[in-house]
Amino acid sequence: MARTNPIYTGLPTTIFEVMSLLAREHGAINLGQGFPDTDGPESVRRVAADALLEQSNQYPPMLGAPELRQAVAAANARFHDITVDWKTEILVTSGATEALSDCMAALLTPGDEVILFEPLYDCYLPLVRRAGGVPKLVRLSPPGWELDVAALEVAFSPRTKVVLLNNPMNPAAKVFTAAELGAIAALVVRHDAIAICDEVYEHIVFDGRRHLPLMSFPGMAERTVRIGSAGKTLSLTGWKVGYVTAPPALLDPIAKAHQFTTFTTPPNLQKAVAFGLNQDDAYFAGLARDLEGKRDRLSAGLGRLGFAMAPAEGTYFVVADIAGLTAEDDVSFCRRITIEAGVAAVPLSAFYDKDGPTNFIRSALPSAMRCWTRRSSGLHP
Ligand code: PMP
């Protein structure tokens, strides 16, 4: 008998951790990990600092502090015209990752099939498998990342329980179109499935796009779980504060999973995130504008260095094709530029279950192109 669970035993450490370690070892600038290189608003951090000293630090309510649940409900209404009852349809978690874990534990029964889109955020497959779910993968292909609706249709079966959609999508930097979302929603409804929507980058969409939650499509409100993250929305990734919006029948078991996972989330951070979500529209517009500027600068600069850039419509990332620069694969290229050029990115193949393309890399958006050109001679073989 195996002494430890085979799903986690031998699982490699996440690529982010591996590249971050290598970056530290070689003094490289780390554009591998998914976090901004500037901190979130000082006003928000000050609320957290003051609350740490002035309010209770004991367990807050299991579902989350009322003021944060109210703020999440208000943000749903303000930005997406989604009206929910904050008392029964909002849950605060310790990051979107915990929310995803709670969802898998609460919604899946062993043998249930889960449809996911590749390339995918790396915690999805272990979480699905640990809950006994059976992944069914639908692949999107660079550089356009268009959804093949026929392939999605084929992935459904009578055992399909969940479709897990990440929009805007990490690592592809894709924002699903209204037509694609409409097609996904229609299939989810037709097969009486549940959609789990990881929308942590909901406020990071570019070029005048608007984020369209799958929850707002016809027939979806009663079958959708929508997940957000203060880490992304407030540029405070280390805080790990997430929030779930779902109809009561789905939220209730998810909250029970949360109850026996983390139970609560630090109360001072909840208060500060409530303050952060209630900021005026200028903050949210500024977040997207700032990252859009970084996207433009990085895409243009990498283009000049000889990378072929995939379109980047949202998120913290750009994807670059290295085939024009080198014959090596993405993993060895990323290792080499970390050591020789002093900049770390992550290989895109790490975001596939197996047999992903090996000629793409993902870079986070830095504030200054200096990051990529500092020792750019090292980029060339
Ligand atoms: N989902 C996606 C698609 C992400 O990119 C990330 C963070 N990199 C998360 C979830 C995790 O969010 P959190 O830090 O709030 O757990």
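Note that this is a predicted model, so its numbers are computed, not measured. (Residues numbered from 1 in each chain as written. Predicted model: local features only at pLDDT ≥ 70, side-chain atom pairs only at ≥ 80, totals over all residues. Heavy atoms only, no water.)

S.K.: Before we go on, may I ask you to explain the overall build of the chain in this structure?
M.R.: Broken down by element type, the chain carries 14 helices and 13 strands. Relative to its length of 381 residues, the chain is compact, with a C-alpha radius of gyration of 20 Å against a globular reference of 21 Å. Once the C-alpha set of the chain is aligned to its principal axes, its extents read approximately 60 × 55 × 50 Å. Among the 381 residues that make up the chain, the fraction classed as buried is 56%. In the chain, of all internal contacts separated by at least 6 residues, the share reaching a separation of at least 24 is 76%. Of the roughly 15,600 Å² that the chain leaves accessible, carbon and sulfur atoms contribute 55%. Considering the chain, the positive charge centre built from 35 side chains and the negative charge centre built from 41 side chains are found 3 Å apart. (Helix = DSSP H or I, 4+ residues; strand = E, 2+ residues; numbered from the N terminus. Rg over C-alpha atoms; globule rule 2.2 N^0.38 Å. Buried < 20%, exposed > 50% of the residue type's maximum accessible area, 1.4 Å probe, protein only. Contact = heavy atoms within 4.5 Å. Areas by Shrake-Rupley, 256 points an atom, 1.4 Å probe, with all protein chains shown as cover. Lys, Arg positive; Asp, Glu negative; His and termini not counted. Charge placed at Lys NZ, Arg CZ, Asp CG, Glu CD.)

S.K.: How should I be thinking about the site of the ligand in this particular structure?
M.R.: Taken together, the neighbourhood of the ligand is formed by G95, A96, T97, Y121, N166, N170, D198, V200, Y201, S229, K232 and K240. One of the side-chain nitrogen or oxygen atoms of Y121 is found 3.4 Å away from a nitrogen atom of the ligand. Between the ligand and N170, the relevant distance is 2.8 Å, taken from an oxygen atom to a side-chain nitrogen or oxygen of the residue. For the ligand, whose unbound accessible area comes to 400 Å², protein coverage reaches 94%. Residues that form the shell around the ligand fall into these classes: 4 nonpolar, 5 polar and 3 charged. (Near = heavy atom within 4 Å. Polar contact = N/O pair within 3.5 Å; in protein donor to acceptor, adjacent residues only side chain to side chain. Nonpolar A, V, L, I, M, F, W, Y, C, P; charged D, E, K, R; others polar.)

S.K.: Please clarify how the packing of aromatic side chains should be interpreted in this entry.
M.R.: Applying the stated criterion across every chain yields a total of 10 aromatic pairs. Judged by centre distance (5.4 Å) and plane angle (75°), the rings of Y59 and F263 are edge-to-face. Here Y59, found in the loop between α2 (42-54) and α3 (66-80), pairs with F263, found in the loop between α10 (248-259) and α11 (267-277); they are 204 residues apart in sequence, far enough to count as distant. The class for Y59 is exposed, based on a relative accessible area of 69%. Seen from their ring centres, Y316 and F317 are 6.1 Å apart, and the 75° between their planes marks the pair as edge-to-face. Following the ring pairs from residue to residue traces out a cluster consisting of F79, Y283 and F284. The lysine or arginine in question, K174, covers the ring of F176, its NZ or CZ lying 4.7 Å from the ring centre. The side chain of R362 reaches across the aromatic face of F317, ending 3.6 Å from its centre. (Phe/Tyr/Trp six-rings, centres within 6.5 Å; stacked < 30°, edge-to-face > 60°. Lys NZ or Arg CZ within 6 Å of the ring centre and 35° of its normal.)

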